[in-house]
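Here's the letter readout for the chains.
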Amino acid sequence: MDADLQSVAAARRCAEDAFAAYQKFLGTDPSHINSIVDAMARAIEPEAKRLGQMAVDETGYGNVADKRVKNLFNALSVADYLRDITTLGLLWRDDATKVAAFGEPMGVVAALIPVTNPTSTIIFKVLSAVKAGNAIVCAPHPRGVKCGLETVKIMADVAERMGAPRGLIQCLDQVTQQGTAELMSHRRTSVVMATGGPAMVKAAYSSGKPTLAVGAGNVPCYVHKSKADDLAEVAEQIITSKCFDYGTACVSEQAVIADKAVARELRHELKLHGGYFCTPAEADRLAGVIFNGPRSMNPERVGQSPQVLAEYAGFSVPPRTRALISEETEIGWQRPLSAEKLNPVLAFYEAKDTEHGVDLSHRIAKFEGWGHTSVVHSADPAVVADFAAAPTGRVLVNTPAIMGGMGYSTDLEPSFMLGTGTWSGSITSDNVTALHLINIKRVAYECRPWRDIYEQYGEGA
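Rules of the game
Residues numbered from 1 in each chain as written. Predicted model: local features only at pLDDT ≥ 70, side-chain atom pairs only at ≥ 80, totals over all residues. Heavy atoms only, no water. Helix = DSSP H or I, 4+ residues; strand = E, 2+ residues; numbered from the N terminus. Expected span 1.5 Å × (residues − 1). Bend = angle between axes of the 7 residues up to and from the residue. Buried < 20%, exposed > 50% of the residue type's maximum accessible area, 1.4 Å probe, protein only. Contact = heavy atoms within 4.5 Å. Salt bridge = Lys/Arg side-chain N within 4 Å of Asp/Glu carboxyl O. Phe/Tyr/Trp six-rings, centres within 6.5 Å; stacked < 30°, edge-to-face > 60°. Lys NZ or Arg CZ within 6 Å of the ring centre and 35° of its normal.

## Notes on helix α10 (residues 260-272)
Point 1. For α10, with 13 residues, the first-to-last C-alpha span of 19 Å sits near the 18 Å given by 1.5 Å per residue.
Point 2. At L266, α10 is bent by approximately 25°, the largest bend along its length.
Point 3. Among all positions of α10, only V262, A263, L266, R267, E269 and L270 are buried.
Point 4. On the buried face of α10, the contacting elements are β8 (219-223), α9 (231-243), β9 (253-259), β10 (275-277), β13 (323-327) and β14 (345-351).

Put into structure tokens, the structure is as follows:
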């Protein structure tokens, strides 16, 4: 049997087993579900570094220290959030209007897992799906099957020991595009959670099933002159966020736009914090290494260290370099480094004034990054208000993009799936959570005489 047939067969088997387990899981007391979710999260905590190592070894993307942090964020921060929300049973009631809302599971979740975050995304989606009373089948990227299987095994074993039915949490062990497509479109699948590249997202929305999918991010970061006295902290935030796990998160900064009044000092601070400004020739060679052409990122250069990228591009950088920076003036595919880059590489623009800075930021967000995230560093609320017109689902203020966007340094919902809204063809612009994985049933009592409709709207009324 060839690989496609094996993957399709595995998808069908997993979907059927998940549906059977889901039916057994229906009606489980929410408090028991909470205990299962907590137990799964606790089981991940001591394994976070090992799973990070497995992810790096298998995919070749990112670094172990930051993948460990990503795993722990989901096992701790996301789990803490889930503990405090209600997903099943009575959600709310309004005695005045005589309406109450009840949460019910959706069924079987097909969870597409990106190669850039192959373990942390599984942790997030499994915890969220089970919290909402669902079964889940994970479809990892072919380069992330081993670490995906291990992550699911840890969580599924704990859940089963806590009384969850076998098959509630699964991972495809044989993965091809055809097998993943079969899982998404299978009659037992209720909803698709898709995180990945544009082709994967398009396939998910073409599956014929309700889909939560997220698009690409080209995150602008505008530094206003009102932050002149705080540029060291701003530079540290930008560099730390961009180089986190070697830039594999689409929510990290992609372009810095600095007011002319602070641009020179910000360049200096970025250098002090590990930024290396490329020469024009180096930047052009770097673009040729990162991209194969318009809208075609070279997958072999994703999540690589700045030293490795520089070596491929034929130049050397200081040993403590954390990010590569290219001075840019144009936006578009004629300047590829103005697009999203899933590695520690930043574009840098100098704005003539505030109006120009806001305009540049909005234009960058519209170029291959509609709906995702934008960042502004400003002490002027009026500037923040103007900047917030950006066509993005999240506008983060005075915080690193990755920590703010995923809900650690802000009070956004902790999430590893950031919706991009209809700007980019997504059904939601929210930080996706377990609350997106339930059906909400309304129970409504009569609150006004039904016959009054004829008096109010009848003939001659």
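## Some remarks on unusual backbone geometry
Point 1. A positive phi is found at D245, a non-glycine position, where the angle reads about 55°.
Point 2. Tracing the sequence through the fold places D245 in the loop between α9 and β9.
Point 3. Using a relative accessible area of 0% as the deciding quantity, one classes D245 as buried.
Point 4. Despite not being glycine, R295 shows a phi value in the positive range, around 60°.
Point 5. Mapped onto the elements, R295 comes out in the loop between β11 (291-293) and β12 (296-297).

## Topic: the pattern of salt bridges
Point 1. Throughout the structure, instances matching the rule amount to 23 salt bridges.
Point 2. Residue K67 pairs with D245 through a salt bridge whose shortest N-O separation is 2.8 Å. Taken together, the positions of K67 in helix α4 (residues 64-83) and D245 in the loop between α9 and β9 put the pair 178 residues apart, joining distant regions of the chain. For the residue pair K67 and D245, the accessibility class agrees, reading buried in each case.
Point 3. For K441, the salt bridge goes to E104, with nearest N and O atoms at 2.8 Å. Here the residue K441 occupies a position in strand β17 (residues 438-444), and E104 occupies one in strand β2 (residues 99-105), the gap between them amounting to 337 residues.
Point 4. Judged by relative accessible area, K441 falls into the partly exposed class, the value being 42%.
Point 5. By sharing partners, the salt bridges in this structure join K260, R267, E327 and E350 into a single network.

## Topic: the packing of aromatic side chains
Point 1. For the structure on display, the rule yields seven aromatic pairs.
Point 2. Centre to centre, the rings of Y276 and F315 are 6.1 Å apart; their planes meet at 20°, and the pair counts as stacked. One end of the pair, Y276, is in strand β10; the other, F315, is in the loop between α12 (306-313) and β13, and 39 residues separate them in sequence.
Point 3. By relative accessible area, which is 8% here, F315 ends up buried.
Point 4. Centroid distance F277 to F348: 5.6 Å. Interplanar angle 70°. Geometry classified as edge-to-face. One end of the pair, F277, is in strand β10; the other, F348, is in strand β14, and 71 residues separate them in sequence.
Point 5. Owing to a relative accessible area of 0%, F348 belongs among the buried residues under this scheme.
Point 6. A cation sits over an aromatic face here: R301 above Y312, 3.6 Å from the ring centre.

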